[in-house]
Every structure is written in C-alpha cells, then in structure tokens.
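The residues making up each chain are set out below.
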2 protein chains.
Amino acid sequence: MVESWSFLDTAESNFRPLVVIELAKGTKEETIEWFTKRIVDKKANGGAQLLIKPLVTENGVENIYLVGASHLRLLLGAEAVGLVKECSDNSMRTFTYSSRKTFKHFADDNHDFLTMAECQYIIKHELENLRAKDEKMIPGYPQAKLYPGKSIVRRLLTSGILVQIFPLHDREELKKLSHSWYGRVKIGYQPLDDIRCYFGETIALYFGFLEYFTFALIPMAVIGIPYYVFAWEDYDKYVIFATFNLLWSTVILEVWKRMCAILTYRWGTLLMKRQFEEPRPGFHGVLGINPVTGREEPMYSSIKRQLRIYLVSLPFVCLCLYFSLYVMMIYFDLEQWALDYHKENESNFSSLMLYVPSIIYAVVIEIMNLIYRYAAEFLTSWENHRLESSYQNHLILKVLVFNFLNCFASLFYIAFVMFDMKLLRQSLATLLITSQILNQFAESLLPYWLQKRYNRRMKKRMCSKKTDMDLSLAEQVNMEKEMGTYLGTFDDYLELFLQFGYVSLFSCVYPLAAVFAVLNNITEIYSDALKMCRVYKRPFAEPTANIGVWQLAFETMSVISVVTNCILIGMSPEVDALFPDSKMDLVLTVALVEHLLLAIKFIMAFVIPDKPRDIQMKLAKLEFESLEALKQQVRAFQMQLNFLLIHH
Amino acid sequence: MVESWSFLDTAESNFRPLVVIELAKGTKEETIEWFTKRIVDKKANGGAQLLIKPLVTENGVENIYLVGASHLRLLLGAEAVGLVKECSDNSMRTFTYSSRKTFKHFADDNHDFLTMAECQYIIKHELENLRAKDEKMIPGYPQAKLYPGKSIVRRLLTSGILVQIFPLHDREELKKLSHSWYGRVKIGYQPLDDIRCYFGETIALYFGFLEYFTFALIPMAVIGIPYYVFAWEDYDKYVIFATFNLLWSTVILEVWKRMCAILTYRWGTLLMKRQFEEPRPGFHGVLGINPVTGREEPMYSSIKRQLRIYLVSLPFVCLCLYFSLYVMMIYFDLEQWALDYHKENESNFSSLMLYVPSIIYAVVIEIMNLIYRYAAEFLTSWENHRLESSYQNHLILKVLVFNFLNCFASLFYIAFVMFDMKLLRQSLATLLITSQILNQFAESLLPYWLQKRYNRRMKKRMCSKKTDMDLSLAEQVNMEKEMGTYLGTFDDYLELFLQFGYVSLFSCVYPLAAVFAVLNNITEIYSDALKMCRVYKRPFAEPTANIGVWQLAFETMSVISVVTNCILIGMSPEVDALFPDSKMDLVLTVALVEHLLLAIKFIMAFVIPDKPRDIQMKLAKLEFESLEALKQQVRAFQMQLNFLLIHH
C-alpha cells in the first residue's frame, strides 16, 4: 500500500498548476520566503503541505506563484472538506481516505477521481485554513498583525500583500464545455453536470434554476399569447389566467425545491455537512476569546452592530426609498407632459415621445439600483458582521427592499392610485423590456467586448498569432489575471427575482410579460454562459445544497402577487358590472377569494413534499446505516465487556 | 476497572423492579419460558440481557413479571438510546459508557445517575428492540407469526398474549412530587424538573406549556377585566384590545419556542438524536424487503393507503362536518324557540331558559367530539400508516378540523351571518364555560372518584388498614395494573387549543374570555397533576424536544384570529359611523389593516430567533467541538501517513 503512493507525495515531476497566487509588486523577500515555506510545510508543523512554484515569464519572476498538490494530499483534503462522492453501489457517501476503495471510479492512479474544480476548492480551503502559530505579525510587515489561529491568507489579503488568488482555467475542458453549452444552437437542456464539474455547485445551480424557471414560464407564455393575439379583454378569461398564474407560481416554486434536491443529491452537496463558519475577512474588532471556539479572535459587540443597523443603515435605507419615490413622482410629471404634448401636436413623433418618459425612467431605475447596490455593500460591510452568511443576509435584505420598491412602486401607483390600466400595461411593457435590454448589455455584452478588445491588444503586444489553445502557461496566467472577477450569483438571481415580479404581480393585466421573460431567459442562458466562460476569471467552486434565501424571496413575491392580482381583477369594469347594486359585495367577494387563494397556496406548499420520494428513501437509508453503525459500536463494546466478565 | 462492576452484572441481590409485564391468564408454559429466556439472554445471543422475576402474591404466581436491569446494563442502554446528560463542565453531551467519568454526579456506585424514568425508558426500548432471530412463530402459538427482525414484544401485544407493560410507580418519590406539585396551595412555578424526572419530557413539556400559556394569558385577562367592569363598548378601546391581543398572541407563541428550547436543552432532549422509526405496532401488510433497511418486514402499498384516505376517510370527515353543521342549525331553531318563549311569558324561568339551548348545544358538541374522536382513531388506524408519526399527524389533522368546526361554526354563523353581537357574546360565554366544566369533570374528577372507590373496595377485600406507603410490592403491582392508562397529551393539548380559539378568535367581542381561561387553567394544572399522580398508571417517559405539530396548530389559529377580529371590528357600528359616506372605504380600510397585521405577524415570527442566544452559543460550541474532533482524526491519520512515508 505504501509503495503505491509514496512517490506521489514527493515527486514534483507531474506538478499540475491549479491555483494562481499573485503577490503585490515589491513584496519583501522575507515575506515571500516565509509564506511559501508555510504553504509547503508539513501538516504536522502547521503547514498546508501543498506544492508551489514561481511562474517564470519572459520578463523573469513576477511575484506570481502556481499552487498544486500531490494526489494523496488532495484526497486527504477531500476528506477534510467533507466531499460527498458516489460509491460503487451508486449511493452517495462522505469521502474518507480509508474507505476510498469503495468509491466509484477510484483508483490510486486515476487523477480524475476529483474534478479540477474540486481540487481547486480543496486548495482554497487549505490555504484559507493556513493559520498563524506564534507569529505576532507578517514577517517584513510589522503593521500586519497576526495572532494564533488567524488565517494567514486573509491577513495577507486585507493588508494588500496578496493581490488575488484564483483558480486556473483548463483551456481544453473549457472549450469542450463551451461547445456543448452555447457553442451550437440547439433545443435541449444545458450540460448541468459538466457545468458543475467545471464551475462548482453554486453556479451550476443558478443555471439549473434559470433553465427550470424558463421552462416553467413557458405554459404561462403559451396561455398568454392568445390574450394578445385575439385581444381578449373579457373578465372571465382574465380571471382564469390570473388564477392559473397564481397556482402555477406556487407549484413551480415547490417543484423547484424537489428538482434542487435531485440535482444536489447527485452532486453530493445535499449530504455535505456544513463547515464551521470562520469570521469573514473584513471583520475587525478588539482581540478577545470566542466563547464558542475558545480561540483568540477579534470580537465586536453585538449592541454596537445593532446600533449601526438601526440608527444608521435603517434611516439611510428609508431615505433612499423616499428618494426613489420622489424620482417616481418626477417620472409621472414627465409622463403627463408627454401626454399633453401628444394631445397638442398629434404626430408620429409625439406618439413616439409617449414612450420616452418610461424608457428614461427605466434607465434611471437601473442606475439608481446600481448606485444603491454600492451604498448597501458599503453600509453592510461597515456594520461589521462576523459571519459571511449574516453579511449576505443583511445585504440581500437591503437590496431586495429597495429594488422591489424602485422597480414596482410606479406600477403600484399607476394601478392602485391612478387606476389607469392602459398606462399600467404600457409602463409594465416598457420597464420590463428596457430593463432586460440594459441588463443583457451591461452584464455580458459590454464586458465581453471589452475583454475581447483587451485580448486583441495583449496578443498584438506579444507579437504572436497563436490561438487561445496554444498559449503557454505563462501567457495564460497573465491573460487570466487581468480578467474581471465574477462576484457571485447575487445579481443574476436579483434579475430573475425582478423579472418574476414583472411577470406575476400584474399578470392579469399584461399576460404577454411571460413571453418576454421566456425570450429574455433563453438569450440570458447564452449570454451568462458566455460571461462565465470568456469574460471572467474562473471562480472557485462553492458547494451548496439550495438557492438559499432566494427561495424565500421568490415565495414572498408570489404571495404578494396573489394580493395584487385579486385587487386588479376586482377593479376591472367587467367584474364591477357583475355587482351593479353594491360595491360592498364586490369588495367582500374579492377579499374572500383572495383569502381562499392564499389558504390554498399555503396548503399546497405544506402538502407538496420538499424532496422526491426516492431522494427521501436514499436519505433515510443513509441515516439508518449511520444509526446501525453506532449500534454496532455499542454492541461490540458490550461484547468486549462480556468477554472480560467471563474471563475474569 | 473490571472488578468494580463485574459483580453488578451478575448479582441479583439488589434487584430493583422497574417495569411490570402482565401476560394473559393461561399463557402456555413454553411461551413463558421462551420469552423470559430471550429477555435475560446475553446481547451477543440476541437477548435483551435484562433481569426478570415472577411476582409472587398470596394467590401464588399470577403471570405477572417484574423486569429490572443491572446498573451496568442500564448505562450501556443509556448509550444505546442516545441519552444526553450534563457533564462536569456544565455542558450537555451524549452519554457514552467510555466517557462516563466526565459526567456530573457519575460514580460507579451512584445508582441515581439515571433517573427511574430514564431507566424505565431504557428497559422499554430494550424490550421493544428484542427481535426474532430464526423463530417462525411464537412458541405455543402457531398463528402468531414471526420473521427475522420482528419485534417480539409487539407481536406478543398484537396477539393478545402480552396484556400490558407498564412502569412501576415509586411511592416515595411520588409522594414528594405530589406534595411539591399540588399538595399545598402556593403561588409559584410547578416543579418542572421534578415532573420531568418522574414522568419524562413529553409530560413535563405539556405542563410547562400549560403554565407558560396561563401566565401569558394573564396580561390579556388583566386588560380584559376593565372592559367588563366599566362596560366599555367604545370602538377605539376594542380596537386597542384586539390589536394588543393579536400581536400578543404572536409574541407568546414565538417566545414559547425559546422557552421550550431552554427547557429541553436543560433536559438534554434538544440535543438528542432522533432514533430510527420502526413500523407502528398495528401496521400490517405482506412481507417484503424494506428498501431502506434491507430487512424483511410487512409492506403496504402507498397507493392503497392514498385511496383509503381520499375515497373513504375524506368523504367521511366531510359527512361529519355536514352533520355538525346540521346540529348547529337545530341549535339555532332551539334558540329561536327559547327567545319566543321568553317574549311570550316574561318570567325568571323563561329568562333562565334563554341559556338552556346554549348549554345543551355545548354538551352535544362535547359528545360529538368524543364520538368523532373514536371514529377518527378507527379510520386512521384502518388507513394502515407505517409510522407512528404519520399516524399521529393524520389523526391530529382529522380531529383538529372537526373540532374546530364543531366548536366554532355556530360562533362564526352568529358573527358573520346573523350579525348578532349580543348573541355572540352570550353563546361564546356559555360554550366556553360549559366546555370547561365538562372537561374538568370528565377528565379528572370522575376518574379520580372511580379510582378512589375502587381502591377502597380493593383495600376492604385485602382486609388491611395499611396506608398507600406500607403496601407490599405485590399489592402495589396489583393495584397499579388495574389503574387506567394515560393515553398521551393529545386531549390535553386539544383542550388548550380550543380554549385558545375561544380566547383569540372573537377577543374583541368578549374580552372576559381570557379571565375564564386563566381561572380554568389554574385549576387545570391541579386536576391534571392529580390525574397524573393518582388516577393513571405511570406512563413511560418519552423524550421530546418540542410540542411538535401543536405549535403549528396554535400559530394557524392565531392567523385565523387576525382575520376574524378585523372583520368583527369592521362590522361594529362605531367603526361604521366613521365612514358615513362609503361602506367601500370601510371595507378597504379593514382589508388594508388586516394585511398589515398579517405582514407584521409574519415579520415578527421571522425576526424573533427560535432559540435564545446562549442556547445558540452552546449548540454552536458543541457543533464546533464535533467538527474539530473530526479534523483531529483526519490530522492524526495524515501524520501517520507522513510517518510511514518517512520510514519507508
């Protein structure tokens, strides 16, 4: 057994670069020496036991390092991060080195057992968990303080010595992936498993959700088309559409949970144990003893944080909301002005002018969302949350509330204050389409174009006519390190969330919204795929078991849309005509229907199981096995005792 | 080490009877011999390794057996059931025999380390897990089939050979407990920890909830009294009361979760791992292979069960609901008749007669609830659910829906169809008070009186003037085996649930309901305590971490009460007068307020953490420790590998 891997751990002959570390220009020699020593040092000495090599380019050494690891080291790392892999008997189990032979496709010489993304995730995990021992500071930088247990990489990052860490692309794999993903126009599913292997679970799950959501919108779009084509405006048809819409949106959100469980079970993340959450990099405070871990680490009073949240952040958000409403009122003035202008000089130009205020407003909304986004990030990071998850939740809450109001306030105003259904339809269409065009442009096409221009210039400078495939490692690293950094799925989910709002909040007024959403999402899949493969640096894989807080956000939106749609239908003149005698009866009926729909929604959400039956069975089987194993332990211990008793 | 416990396991000198097994009269000798052999047999041979003794009375052996266990056996059993106990450093940890020295109050000769209730729970668990090996049937009873892995005790119970298994009371402890619990009139909390030690967590948690709920109702009662005393009928005062009521009911339900976490953390059940759920005793089907456990066990098609549920149970429940509504209409006829009678001959008698229909109806409701309860139990058990939890959920759902309609339909009818607030108040009061009196009587006083009479006769027959304390073991067993069986906390929670409905659904019409609820609950604590200590057999302890589905039931009730109270306030003439011009505005305002209140409710439920901060910290600490232990394992393994590498 020992022979089979002993050479692997020592031989660097098959060093495969996985992760790139870029240090700042002019980093002191002693720092570099200390850092690289800690990275290669044995685990027993508190090192990360990884392999590291400086990148040698034409201009000599550039403070760029390539990190890799031996096969054995990666397998042990896989156990440390708690990876779940498929066994030979098709069940999913947590990988351990000692049980490695039971896993599917495992062989001591099969270096593809772990995907490249998994290897990179393991290396990232090991680097981040490289902790200070008795160092008081980073050698050469007395102002960069360390204390026992502090993550060295995080301190290097916050003190600016470490510029970035990013995983390398695999040109060959990427080419294969991009060909099967967006390279050819085809009707079919995305290669989600391949995306997961290359980019990790978080990103694959986003694309899975995007695809699922697009398919789920198709029935709504199909039902919506005849409303537009035949200009159906009857009350009963709208009611049918809205009711279908409401129930459908509940069903798709519940079914997504099941789909998500199927995907993440297959990928192993459904079973993966949550890692203990370390403080986020930006967290600062006075050194103290953490009561949970017993380790020395920065502490920040929870009361101070609460004060910052309620006395600064909350008023700021309210102010922004007020400002957003103020801008909305300006938009209505503009709208009025355009209408007056059109009435005065009825021309083609003036009727085009009718759309201008909406378009301007849509652009302004996107700009305000963008600026607010930065402000929210600044504020949330100033609130100094200890955990990344708490930071993310506060950020998402801030952004969601503002974006919701910013995007939909004008529509609510038009619908429920002005009672102008024609204007509502027109505004909704303009806002939806403008924001989709802007998003596609700003998110993918612009960066792609910039990247392409930059690449062209780079290549020209290198005076070579090589294609991407033939690039040397040094050239590849140099090109990738200048690429933008993908900041996570937040913006992509937010876009879908707002789109879901446009589609469902006023669905009974504008059934065509679903059609536009479907069309947008089909191109969105392509442009997002392009963005991931060509525009940004490869992101580190991030295991995840679900879409987290977004599930709640979408469900909340679907509850709100029940209310808005019921009111809209209640306000329509056709329904009005059904209750000629008493407006009171009308309102009561609408309220009753609304409550019934909400009750049905909640009962449906309760009745539909979150996991499909076969996944439930598989999970139950695993649970049963681990309980049995425990019992076996107790029984073995008992037998041992009996044995001792007898032979005493 | 071996010396210290070797004699414990073999010596029966200090045999302490814990559990009583009563076999049917005339059970065959070979069966008894086989069963007792299996019970005392070593674990290694598939036995339970417990101690058993026949009970010898004046009339000779009566097929009653006493079961006990050695101290060591109980400790190993505690590990097998996963008991969580307090350590010397005040943290709660899962008990294991090997780490026994780290636990508080542990000593090899301290037989009080495990409470008697815990010992009895362990014995029950071990008896239930005594499984058939290669027996094809119970010896002597060829019709009582067995298959490998079938629980022997469950088969004996279902085939009627085993009459009952119950834990013995501890006369001395019981006397102490009942003295501190209800023996003296005092203002103060119940001795919840002592109750938990004697009766187990499920029952202690019920009494904890009852106490908490009573305290939580006091503010509502206090605010309600002046409404009655000063006969306040102003609109604004009612609105204040109702709003307070709604927010308060949300707060108390959320805070209860925190209280519950504090209690169950202290009792160790919050940390206790869920045991794998075996099929319930009544479950039957064709033998097959369970895909989860891989064991042979009865299988029953899920489709057949669904058919039974939807084609038989559901229509039956609907029929019962219809019948309940029919009875309600008869009640209204009676009510009308009483009113007419009162109008014709205005006398004291006739004004008393006004209350008679309500009282009769209240009695009829209780009777219908009782009959329906039996029908629901029969139906749910006929549905043949595999798991006890699924059986319980279906039973609770059936009973809750019917009881809700049966109790509250007439009130809803009076409030929202007849619009008669005076009658609503009168009906509510009569229903509430009558049902409380009936419940107290049927639940505690009647059984207590029957039990007392029976005991007196028993003693007379035994021709002795001994007090309870001096009873011999045989006399105690004979007395206890005739006592009623406590059927669980279902009825007690149901009573509280309906009471919560009476208090909150129409709180703005009858603020005094909370006062009656508080008074009832104070006596309820005493009568329930009496019932537990004197009327029923001691129940087996059942570890639990929360009140389960009842939390959801109470929360649903509080959501419904927001809706009803808003409508009631909207209908009051005072509010009506505020909107003289348009009824429409009134309804819209009410609907708006209702949605706001519901939104506030959900946000509050979301914002208030389910566990107090210190419990969260303790749980985080435990999680951190177990993760660290895992890491240490990986690290140790890694070092071992390094060592091998170096020395190769």
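Residues numbered from 1 in each chain as written. Chains lettered and ligands numbered in written order. Predicted model: local features only at pLDDT ≥ 70, side-chain atom pairs only at ≥ 80, totals over all residues. Heavy atoms only, no water.

**Things to note about the overall build of chain A**
Helix and strand content of chain A: 21 helices and 10 strands. Its C-alpha atoms give chain A principal-axis dimensions of roughly 95 × 75 × 55 Å. In chain A, which comprises 648 residues, the share counted as buried stands at 52%. The contacts in chain A between residues at least 6 apart in sequence include a share of 73% that link residues at least 24 apart. Taken as a whole, chain A presents about 30500 Å² of accessible surface, with 65% of it coming from carbon and sulfur. Computed over 67 positive and 69 negative side-chain charges, the inter-centroid distance for chain A is 6 Å. (Helix = DSSP H or I, 4+ residues; strand = E, 2+ residues; numbered from the N terminus. Buried < 20%, exposed > 50% of the residue type's maximum accessible area, 1.4 Å probe, protein only. Contact = heavy atoms within 4.5 Å. Areas by Shrake-Rupley, 256 points an atom, 1.4 Å probe, with all protein chains shown as cover. Lys, Arg positive; Asp, Glu negative; His and termini not counted. Charge placed at Lys NZ, Arg CZ, Asp CG, Glu CD.)

**Here's the deal with the environment of B:Leu168**
All names here are of chain B. Within the secondary structure, Leu 168 sits in the loop between strand S8 (162-167) and helix H6 (171-183). Note on Leu 168: relative accessible area 2%, which makes it buried. Considering only alpha carbons, one finds Leu 168 and Lys 481, 313 residues apart in sequence, at a separation of 9.3 Å. Setting aside its immediate chain neighbours within four residues, Leu 168 contacts Pro 17, Leu 18, Val 20, Leu 66, Met 116, Gln 120, Leu 473, Gln 476, Val 477, Glu 480 and Arg 538.

**What to know about the pairing of strand S9 (residues 286-289) of chain B**
All names here are of chain B. By the bridge criterion, 4 bridges tie S9 to strand S10 (residues 296-299) in an arrangement that is antiparallel. Bridge pairing in S10 links Val 286 to Met 299. Taking the residues that link successive antiparallel strands as the turn, the S9-S10 hairpin has 6 residues, and the phi of Gly 294 there is positive, at about 70°. (Pairing = 2+ DSSP bridges.)

**Some words on the pattern of salt bridges**
When their charged atoms lie close together, side chains carrying opposite charge are able to pair. Under the criterion given, the structure shown has 58 salt bridges over all chains. For the salt bridge of A:Lys124 with A:Glu542, the shortest nitrogen-to-oxygen distance reads 3.1 Å. Residue A:Lys124 is located in helix H4 (residues 116-128), and its partner A:Glu542 is located in the loop between helix H17 (513-535) and helix H18 (549-571); the two are separated by 418 residues in the primary sequence. The partly exposed category is assigned to A:Glu542, whose relative accessible area is 35%. B:Glu480 is paired through a salt bridge with B:Arg171; the nearest N and O atoms lie 3.3 Å apart. Residue B:Glu480 is found in helix H15 (residues 473-481), and its partner B:Arg171 is found in helix H6; the two are separated by 309 residues along the sequence. Of the residues examined, B:Arg171 reaches a relative accessible area of 18% and is grouped as buried. Among the charged side chains, a salt-bridge network with shared partners connects A:Lys85, A:Glu118, A:Arg196 and A:Glu201. (Salt bridge = Lys/Arg side-chain N within 4 Å of Asp/Glu carboxyl O.)

**Description of the packing of helix H12 (residues 356-382) of chain B against helix H13 (residues 388-416) of chain B**
All names here are of chain B. Across the interface, H12 lies against H13 with an axial gap of 10 Å and an inter-helix angle of 160°. Put simply, H12 runs roughly antiparallel to H13. Note that H12 runs across H13; the crossing there is right-handed. Along the contact surface, H12 presents Tyr 361, Ile 365, Met 368, Asn 369, Tyr 372, Arg 373, Ala 376, Glu 377, Leu 379, Thr 380 and Ser 381, while H13 presents Tyr 391, His 394, Leu 395, Lys 398, Val 399, Phe 402, Asn 403, Asn 406, Cys 407 and Ser 410. (Axes fitted to C-alpha atoms, helices over the stretch in contact; angles between N-to-C directions. Parallel < 35°, antiparallel > 145°, perpendicular 65-115°, else oblique. Left-handed = near helix turned anticlockwise from the far one by under 90°.)

**Structural notes on the packing of aromatic side chains**
Residues and elements named next belong to chain B. Evaluated as defined, the whole model comprises 73 aromatic pairs over all chains. Measuring from ring centre to ring centre gives 5.7 Å for Phe 213 and Phe 500, while their planes differ by 65°; the resulting arrangement is edge-to-face. Pair noted here: Phe 213 is in helix H8 (residues 201-229) and Phe 500 is in helix H16 (residues 490-505), with a separation of 287 residues, a long-range link. Here Phe 213 and Phe 500 have matching classes, each one buried. Look at Phe 490 and Trp 550: their rings are 5.6 Å apart centre to centre, the planes differ by 75°, and that puts the pair in the edge-to-face class. Here Trp 550 lies in helix H18 (residues 549-571) and Phe 490 lies in helix H16, a separation of 60 residues in the sequence. (Phe/Tyr/Trp six-rings, centres within 6.5 Å; stacked < 30°, edge-to-face > 60°.)

**A word on a nonpolar patch on the surface**
All names here are of chain A. A contiguous nonpolar surface patch, about 840 Å² in accessible area, is contributed by Ile 303, Leu 307, Tyr 310, Leu 311, Val 312, Leu 314, Phe 378 and Trp 382. Tallying contributions element by element places helix H10 (residues 302-344) first for the nonpolar patch, with 6 residues. For Val 312, a relative accessible area of 34% corresponds to the partly exposed category. (Patch = residues over 30% accessible without salt bridge, like charges linked within 9 Å, V, L, I, M, F, W, Y side chains within 5 Å.)

**Re the pairing of S8(B)**
Residues and elements named next belong to chain B. The element S8 is largely enclosed, with a buried count of 5 among its 6 residues. Both strand S1 (residues 19-23) and S8 contribute to a ladder of 5 bridges, which runs antiparallel. Bridge pairing in S8 places Leu 23 opposite Leu 162.

**Structural notes on H12(B)**
Its 27 residues place the ends of H12(B) 39 Å apart at the C-alpha level, agreeing with the 39 Å of an ideal helix rising 1.5 Å per residue. One or two steps after H12(B), the chain reaches B:Asn384, where phi turns positive at roughly 60°. (Expected span 1.5 Å × (residues − 1).)

**Topic: helix H13 (residues 388-416) of chain A**
The end-to-end C-alpha distance of H13(A) is 39 Å, a good match for the 42 Å that 29 residues give at a rise of 1.5 Å each. Of all the bends in H13(A), the greatest measures close to 50° and is centred on A:Phe408. (Bend = angle between axes of the 7 residues up to and from the residue.)

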